[in-house]
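A structural walkthrough
Residue-level listing of the chains:
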Amino acid sequence: MPITVVGSIAYDTVKTPFGERERMLGGAAVHFALAASFFDDVRVVGPVGDDFGERQLAILRTRGVDVSDVELVAGGKTFFWQGEYGWDLNSRETLDTQLGVFEGFSPKLSEDSRSSDVLFLANIQPDLQLDVRGQLPHARFVALDSMDLWINIARDSLVRAIESVDCVILNDAELRQLTGKPNLVSAAREVLSWVPAQSAASASGEGVRGPSVIVAKQGEYGAALVTREGFFALPAYPLETVIDPTGAGDTFAGGFVGYIAAHPDDELSDELLRRAMAHATVLASFNVEEFGTERIQRLSGDEIAARIQELHSMTQFSGVPLQLRG
Ligand code: AMP
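Residues numbered from 1 in each chain as written. Predicted model: local features only at pLDDT ≥ 70, side-chain atom pairs only at ≥ 80, totals over all residues. Heavy atoms only, no water.

1. Quick notes on the overall build of the chain
Helices and strands together make up the secondary structure of the chain, namely 13 helices and 13 strands. Rg of the C-alpha trace for the chain: 19 Å, near the compact-globule value of 20 Å for 326 residues, within the 12% margin. Each principal axis of the C-alpha atoms in the chain carries an extent, and together these give about 75 × 50 × 35 Å. Here the chain holds 326 residues, and the buried ones make up 53% of them. Long-range contacts, defined as pairs at least 24 residues apart, comprise 65% of the intrachain contacts of the chain with a sequence gap of at least 6. When the accessible surface of the chain is summed, it comes to about 14700 Å², and 51% of that surface belongs to carbon and sulfur atoms. In the chain, 27 positive and 46 negative side-chain charges are present, and the distance between their average locations comes to 3 Å. (Helix = DSSP H or I, 4+ residues; strand = E, 2+ residues; numbered from the N terminus. Rg over C-alpha atoms; globule rule 2.2 N^0.38 Å. Buried < 20%, exposed > 50% of the residue type's maximum accessible area, 1.4 Å probe, protein only. Contact = heavy atoms within 4.5 Å. Areas by Shrake-Rupley, 256 points an atom, 1.4 Å probe, with all protein chains shown as cover. Lys, Arg positive; Asp, Glu negative; His and termini not counted. Charge placed at Lys NZ, Arg CZ, Asp CG, Glu CD.)

Right, here's the structure in full:
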């Protein structure tokens, strides 16, 4: 079932201990779309300036991504982000963010983009996320990402946006910050208890829903899944060489949401979500092997399938029939 994603399309300048790249293709919507394109049709909604080239669009088109809702703002500048990573790649400093055409962005979705039944609201101002959510009132599955900036300056809007979606994908530190709870599981449980105000629920024509799936990303330590039914966690796929973590979170989300979109007839069971977690983990592992989108651009379905098998065998263990003392 087609997926619509709304979010940043960017030029990224990135420095890691292993090299640097200037103004490479990036942005949350781009990383998400490339990953999700392995699973289903993807439509990208977001603005670019006239410094954005046909060559960049071609990278998305090559993977079959529909770019007809990429809005070219004449005379505008594409969103620009610059970051630098510390020696173990765990810390990242944002050196520059230039909103460019993102300033004053008002998402305009075509009929096609509004007809998708899966929606990913990448990290943008939460009122914009709510606006787009309202344009797809009947979407079967809606997921959202955010960042510390919005928790700091627009928490009320972000809570309303979260109440309107099915799935929240955040870094574990953001989840704790959002809820003020120091414990990850209780922070996730808190978000699971949020439901839209009666008026918002009836305005959308849907029953009261609220988020039912929380994914906490933990960087090199993997990711955890919390639902009302249970808990699941996977380590990151162990890599000896990590070059650039930029976009890993969005690539993870692309794998996760993409896998769910590719199973339109399955109910949203924990079993399905666990398999989605595995695919998300594997997609993210490829993303960090090279700068920006370089590795994902030449990734194949066979490579993904092989790594899923490896991740499966390295995370399963059999029952331990030992008579324990005590
Ligand atoms: P991640 O590494 O998953 O956090 O995603 C990094 C991507 O998000 C980069 O490609 C950036 O272009 C983009 N990005 C960074 N800051 C922002 C922001 N404030 N709003 C939207 N996108 C951003």
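Back to the write-up after that little detour.
2. Overview of the pattern of salt bridges
Counting across every chain of the model gives 15 salt bridges. Residue E289 pairs with R295 through a salt bridge whose shortest N-O separation is 3.1 Å. Like E289, the residue R295 is buried in the burial classification. Salt bridges sharing partners connect three or more residues here, namely E289, R295, E303 and R307. (Salt bridge = Lys/Arg side-chain N within 4 Å of Asp/Glu carboxyl O.)

3. Overview of the site of the ligand
By nearness alone, 18 residues border the ligand, and S8, D12, G27, R92 and G247 come closest of all. One nitrogen or oxygen atom from the side chain of R92 is found 2.9 Å from an oxygen atom belonging to the ligand. Note that an oxygen atom of the ligand is positioned 2.9 Å from one of the side-chain N or O atoms of D250. In isolation the ligand exposes 510 Å². Once the protein is present, 86% of that is buried. Residue contributions to the shell around the ligand peak at three residues, all from helix α10 (residues 248-261). For the shell around the ligand, a count of residues per class yields seven nonpolar, eight polar and three charged. (Near = heavy atom within 4 Å. Polar contact = N/O pair within 3.5 Å; in protein donor to acceptor, adjacent residues only side chain to side chain. Nonpolar A, V, L, I, M, F, W, Y, C, P; charged D, E, K, R; others polar.)

4. Here's the deal with the pairing of strand β4 (residues 42-49)
The element β4 is largely enclosed, with a buried count of eight among its eight residues. Of the two faces of β4, the one holding V42, V44, G46 and V48 and the one holding R43, V45, P47 and G49 are both buried throughout. Strand direction decides the pairing type here: strand β1 (residues 3-6) and β4, joined by four bridges, are parallel. Bridging across to β4, I3 finds its partner in V42. Across four bridges, β4 lies against strand β5 (residues 70-73) in parallel orientation. Bridging from a neighbouring strand, V48 pairs with L72 of β5. For the crossover from β4 across helix α2 (residues 54-62) to β5, the handedness is right-handed. (Pairing = 2+ DSSP bridges. Right-handed = clockwise from strand over helix to strand, strands pointing away.)

These results come straight from atomic positions and should not be treated as a statement about function.
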